[in-house]
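# Observations on the three-dimensional arrangement
Here are the chains, one letter per residue:
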Amino acid sequence: MSDKIPEGNRSARERLAQQREREKGREKRRRTLIVASAVVGVLGLAAVVGLIAANAGKDDGGDSASGPAVAPSGAIGEAALTLPVGAADAPSTLTIWEDFRCPVCAQFETAFRDTITELADDGQIRVEYHLATIIDGNLGGSGSLRAANAAACAQDVGKFAPYHDVLFSNQPPEPDDAFAKNSRLIELAGEVEGLDTPGFRSCVEDGEHDSWVKKSDTAFREGGFQGTPTVLLNGESVFPGKGDEQISPENLKKWVAEANKGKKPGSTSPAEGSDAPSATDGGSAPADGSTAPADGSTAPADGSTGPAEEASTPAAPSSAAGS
C-alpha cells in the first residue's frame, strides 16, 4: 500500500491547520486588547484621582484675595463664616455647604427649596449657609469665588436668601464660568427687588468679601467633608440619607419634627442680616460652624449628596476637590 497522503486529504489538513492558527491569532489579539484596555482604564482612573488630589489644595479662581477677611453683615458662628436664614431661636439647625457652580447643589436647591423655606418660615429650623469654591479649583476660573462674594454682598443688605435662589436658578453649565463676570452677577441682582444699588455694585466689583470667601472654602476643605452639597441637621448628615432612610421633602419634614418634639418653634425675627448671637455662644459647636444637636448629643458631620424632589436623583457627592 502506498504511504503517500492523497493530495486532496493533504490540502484539507493544511487548510484546517491554517484555520486553527488564524483562530489562535485572533484569540491572542483579543486577550491583548482586553489587557491593554484594562491598563488604560487603571491609568485613567489614577490620573483622575491624581488630578483631584492635586486640585484639592489649589488656589481657587486665580483671583488674588489677600488682605483681611471682611465678613458680611450678620454673619455668625466660628470666624463669622455662617450666613443664617430664619429665626435665631428655632429649635433645629440645618447646615448647608454649597458652591454656586456646583450642579448637584442646584439640583438640591430645586428639589428642597420650598420645603426648607416652609420649615424656616414656620420657625422649625434656622438654616446656616456656608460657601465653598471647589469647582474653581477643579475646572479653573473664578465663578464660584465671584458668585460667593456677590452673595455675601447681598447679605450685607439682608437679601442673601433671594439672591442665593436667583443664582442657583440661573446657574450656567458646570464648565461655563459665566459667574466669573461681575456684570452677569450684577445683572442677576436686578431680579431681587432693591438689591441692584451702587453700594452692591461696588461691593461686587471690588471683591470686598473675597478673602472671607477664601476663608470659608478653607474651612470646608479642612472640615473633612466629602463634597457639595453637604447637608447637616443639628450636626448630623442627612444627605443623601439619615440612617436607613433616603432624604426626601417628606422625610426631611419628619426628621425635623422628630428633632423638635416637645420644643416651641422659633419666634424671633429672622437671623439673616441681623446681629444674631454666634452659634458657638454658650457652648461648643462643630468646627464647621453648625450648631450642636438640641439634645446636647454629638452627631457625625460627614457630608454627602442625595436625591432631588420632582427631578432625577442628583449625582454622587462632589469630592472635596470637585463638584
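Residues numbered from 1 in each chain as written. Predicted model: local features only at pLDDT ≥ 70, side-chain atom pairs only at ≥ 80, totals over all residues. Heavy atoms only, no water.

### Regarding the overall build of the protein chain
The secondary structure content of the protein chain amounts to nine helices and seven strands. Relative to all contacts within the protein chain whose residues are 6 or more apart in sequence, the contacts with residues 24 or more apart total 79%. Of the accessible surface of the protein chain, which amounts to about 15700 Å², a share of 52% is contributed by carbon and sulfur atoms. (Helix = DSSP H or I, 4+ residues; strand = E, 2+ residues; numbered from the N terminus. Contact = heavy atoms within 4.5 Å. Areas by Shrake-Rupley, 256 points an atom, 1.4 Å probe, with all protein chains shown as cover.)

### Regarding the packing of helix α2 (residues 103-121) against helix α5 (residues 160-169)
The interhelical angle for the contact between α2 and α5, taken along N-to-C directions, is 120°, at an axis separation of 9 Å. Between α2 and α5, the interaxial angle falls into the category oblique. The two elements α2 and α5 cross, and the hand of that crossing is left-handed. The residues of α5 that touch α2, namely those facing C105, A106, E109 and R113, are H164, D165, F168 and S169. Residue composition of the contact of α2 with α5, by class: three nonpolar, two polar and three charged. (Axes fitted to C-alpha atoms, helices over the stretch in contact; angles between N-to-C directions. Parallel < 35°, antiparallel > 145°, perpendicular 65-115°, else oblique. Left-handed = near helix turned anticlockwise from the far one by under 90°. Nonpolar A, V, L, I, M, F, W, Y, C, P; charged D, E, K, R; others polar.)

### Examining the sheet that holds strand β2 (residues 92-98)
Taking strand neighbours across the sheet as the criterion, the five strands line up as β1-β3-β2-β4-β5 in an open arrangement whose pairing is mixed. Taken across any chain shown, the strands that pair with only one partner, and hence form the sheet edges, are β1 (83-85) and β5 (236-237). Pairing analysis gives seven bridges linking β2 to strand β3 (residues 125-131), with the strands arranged parallel. Directly across from S92, in β3, lies its bridge partner I125. (Pairing = 2+ DSSP bridges.)

### Focus on unusual backbone geometry
Cis geometry marks the peptide bond from T228 to P229, where omega comes out at -5°. With respect to the element layout, P229 can be found in the loop between α8 (210-222) and β4 (230-233). Omega for the bond connecting F239 with P240 falls within 30 degrees of zero, at 20°, which places this linkage in the cis form. Counting through the fold element by element, P240 comes out in the loop between β5 and β6 (241-242). At A79, a position not held by glycine, the phi torsion is positive, near 60°. Inspection of the secondary structure assignment puts A79 in the loop between α1 (7-56) and β1.

### Some points on the nonpolar core
Counting residues in each nonpolar core, the largest one holds 62 residues, and the members touching the most others are F100, I116, Y163, L167 and F200. Considering every element that reaches this core, the biggest residue donor is α2, with nine residues. Sequence-distant contacts of F100, that is, excluding residues within four places in its chain, are made with L131, A147, A148, A151, H164, L167, F168, Q171 and F179. (Core = buried A, V, L, I, M, F, W, Y, C linked by side-chain atoms within 4.5 Å. Buried < 20%, exposed > 50% of the residue type's maximum accessible area, 1.4 Å probe, protein only.)

### Here's the deal with α8
Taking 1.5 Å per residue, 13 residues should reach 18 Å; α8 reaches 18 Å between its end C-alpha atoms and fits that length. Buried within α8 are the following residues: D210, S211, W212, V213, K214, S216, D217, A219 and F220. Packing partners of the buried residues in α8 comprise β1, β2, β3, α3 (134-139), α4 (143-156) and β4. G224 lies just past α8 and shows a positive phi near 75°. (Expected span 1.5 Å × (residues − 1).)

### Points about the confidence of the model for the protein chain
Looking at the protein chain, the pLDDT average stands at 77 and 66% of residues meet or exceed 70. Confidence drops under a pLDDT of 50 for residues 30-64, and excluding neighbours within four residues, the segment shows 27 contacts in the predicted structure. Contacts for the low-pLDDT stretch residues 272-313, under 50 throughout, to residues beyond four places or in other chains number 113 contacts. (pLDDT = per-residue confidence, 0-100.)

### What about the packing of aromatic side chains?
Applying the stated rule across the entire model yields nine aromatic pairs. Each ring, one from W97 and one from F220, has its centre 5.5 Å from the other, and the planes form 50°; the classification is tilted. Here F220 lies in helix α8 and W97 lies in strand β2, a separation of 123 residues in the sequence. Neither residue differs from the other here; W97 and F220 are each classed as buried. (Phe/Tyr/Trp six-rings, centres within 6.5 Å; stacked < 30°, edge-to-face > 60°.)

### What to know about the environment of F160
Residue position: F160 is located in helix α5. Classification of F160 by relative accessible area gives buried; the value is 0%. Sequence-wise, F160 and V85 are 75 residues apart; in three dimensions their C-alpha atoms are separated by 8.5 Å.

### Here we look at the side chain of T82
By the element assignment, T82 lies in the loop between α1 and β1. At 3.4 Å, the side chain of T82 and the side chain of H130 are in polar contact. (Polar contact = N/O pair within 3.5 Å; in protein donor to acceptor, adjacent residues only side chain to side chain.)

### Brief notes about the environment of A120
By the secondary structure assignment, A120 is in helix α2. Here A120 falls in the buried class, since its relative accessible area comes to 10%. Among all residues touching A120, those that are not within four sequence positions of it are I125 and V127.

### Looking at the pairing of β4
Regular strands place side chains that alternate from one sheet face to the opposite one. Here β4 shows two buried faces, one formed by T230 and L232 and the other by V231 and L233. Note: β2 against β4, four bridges, orientation antiparallel. Among the inter-strand pairings, L94 is bridged to a residue of β4, identified as L233. Two elements, β4 and β5, share two bridges in a ladder whose sense is antiparallel. Paired with L233 across the strands is E236, a residue of β5. Linking two consecutive strands that pair antiparallel, namely β4 and β5, is a turn of two residues; a positive phi of about 50° is found at N234 within it.

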